[in-house]
Amino acid sequence: MNVSEALASRYTCRDYQAKPVARETLNAIFAAATRAPSWANTQPWEIYVAGGDTLEGLRQACLQNFLNGVSGSSELARPDKWPAAMQERMHSLGAARFESLGIERGDEEARKAMSENNNRFFGAPAVAYICMDRSLTPWSIFDLGMLAQSIMLAAEELGVATSIAYNLVIYPDLIREALEIPAGQIILIGIALGYAKTESVQNRFRSPRRPLEEAVSFHGF
């Protein structure tokens, strides 16, 4: 598999097999991914990987919070408002996903079940939490974004599906306690890893992309 193939085949997996990912496979993914570039080779990332009983305990705690109506919020603030074009793409994506799953707009039970699945971490057997020192600026967040993409592409090459998701980090206090993450580090994002249930309807959907001519502007060519 080359880079273009990995970019084209990667998708957000929302339904995983119970099969664990071997430690050797995870080591190979992170060894490849940490070759990602960073400002002056600062390598500002700290990676905490949860699996086994640790992840199961965290999964149940986060799910219980959700079921009890405990509001969640990531440590990195999410936007309160999106530009109109982006908001439209988000709405279109949601509508297309619900249609692919056969969920009607007013089907609150089905929507709740989807949210519960999110808070079960999609059943993934491993989750990597990407953190950095709180003293750093958005420049380093950019570096961590490149690391996250590298993790997902390295995993794709090895047949490991991934999900980078906001819902994985909405209860940071629970994550910090379970993984003993120092208070001086901010928990930015989580990436679920595992083997996809290829027959699952949840994993058949693929999100569209904007036309190249709309997203890229060439000058002097």
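Summary of the structure given here. Since the model is a prediction, treat every value here as computed from it, not as a measurement. (Residues numbered from 1 in each chain as written. Predicted model: local features only at pLDDT ≥ 70, side-chain atom pairs only at ≥ 80, totals over all residues. Heavy atoms only, no water.)

Looking now at the overall build of the chain. A count of helices and strands for the chain gives 8 helices and 4 strands. Scanning the chain from its N terminus toward the C terminus, one meets helices and strands in the order α-α-β-α-α-α-β-α-β-α-β-α. Over its C-alpha trace the chain gives a radius of gyration of 18 Å, about what one expects of a compact globule, namely 17 Å for 221 residues. Taken along the three principal axes of its C-alpha coordinates, the chain extends 55 × 50 × 35 Å. (Helix = DSSP H or I, 4+ residues; strand = E, 2+ residues; numbered from the N terminus. Rg over C-alpha atoms; globule rule 2.2 N^0.38 Å.)

To continue, consider the environment of Thr198. Along the polypeptide, Thr198 turns up in the loop between strand E4 (185-194) and helix H8 (212-215). In sequence terms Thr198 and Gly220 are 22 residues apart; their C-alpha atoms lie 45 Å from each other.

Looking at the largest pocket, its volume works out to about 2,200 Å³. Looking at the largest pocket, it is lined by 46 residues, and the ones nearest its centre are Thr12, Arg14, Met90, Leu93 and Ile164. If you list the elements that add at least two residues to the lining of the largest pocket, you get helix H1 (3-9), helix H4 (84-101), helix H5 (108-119), helix H6 (138-157), strand E3 (161-165) and E4. Tallying contributions element by element places H4 first for the lining of the largest pocket, with 11 residues. Class assignment for the residues of the lining of the largest pocket results in 26 nonpolar, 11 polar and 9 charged. In this structure, the second largest pocket occupies an estimated 160 Å³ of space. Along the lines of polarity and charge, the residues of the lining of the second largest pocket split into 3 nonpolar, 3 polar and 4 charged. (1 Å grid on protein atoms, 1.4 Å probe; cavity = no way out; pocket = protein on both sides within 12 Å on 5 of 7 lines; lining within 4 Å. Points joined across faces, edges and corners; volume = space filled by probe spheres on them. Nonpolar A, V, L, I, M, F, W, Y, C, P; charged D, E, K, R; others polar.)

As a further point, take the packing of aromatic side chains. Enumeration over the complete set of coordinates arrives at 2 aromatic pairs. With 5.3 Å between their ring centres and 65 degrees between their planes, Trp39 and Trp139 make a pair best called edge-to-face. Of this pair, Trp39 sits in the loop between helix H2 (23-33) and strand E1 (46-51) while Trp139 sits in helix H6, placing them 100 residues apart in sequence. Between the aromatic rings of Phe218 and Phe221, the centroid separation amounts to 5.6 Å while the plane-to-plane angle is 85 degrees, which identifies the pairing as edge-to-face. Each member of the pair, Phe218 as well as Phe221, carries the same accessibility label: exposed. (Phe/Tyr/Trp six-rings, centres within 6.5 Å; stacked < 30°, edge-to-face > 60°. Buried < 20%, exposed > 50% of the residue type's maximum accessible area, 1.4 Å probe, protein only.)

Looking now at the pairing of E4. The side chains of a regular strand alternate, first on one face of the sheet and then on the other. Taken across its 10 residues, E4 has 9 buried, putting it largely inside the fold. Taken together, the 8 bridges between strand E2 (residues 126-133) and E4 define a ladder with antiparallel strand orientation. Within E4, the residue paired with Asp133 across the bridge is Gln185. (Pairing = 2+ DSSP bridges.)

The subject of this paragraph is the pattern of salt bridges. The tally for this structure, following the rule as stated, stands at 7 salt bridges. Note that Glu214 is salt-bridged to Arg210, the shortest N-O span being 3.0 Å. Taking relative accessible area as the criterion, Glu214 reaches 46% and is therefore assigned partly exposed. Overall, Arg210 belongs to the partly exposed group, its relative accessible area being 37%. The network of salt bridges with shared partners includes Glu75, Arg134 and Arg176. (Salt bridge = Lys/Arg side-chain N within 4 Å of Asp/Glu carboxyl O.)

Moving on: a nonpolar patch on the surface. Nonpolar side chains collect at one region of the surface, where Leu212, Val216, Phe218 and Phe221 lie side by side and expose about 520 Å² of accessible area between them. Checked against the element boundaries, Phe221 lands in the segment after H8. (Patch = residues over 30% accessible without salt bridge, like charges linked within 9 Å, V, L, I, M, F, W, Y side chains within 5 Å. Areas by Shrake-Rupley, 256 points an atom, 1.4 Å probe, with all protein chains shown as cover.)

This part is about H6. Over its 20 residues, H6 extends 29 Å from the first C-alpha to the last, a length consistent with the 28 Å expected when each residue adds 1.5 Å. Of all the positions in H6, only Ser140, Asp143, Leu144, Leu147, Ala148, Ile151, Met152, Leu153, Ala154, Ala155 and Glu156 are classed as buried. Looking one or two residues past H6, Gly159 carries a phi angle of roughly 80 degrees, positive in sign. (Expected span 1.5 Å × (residues − 1).)

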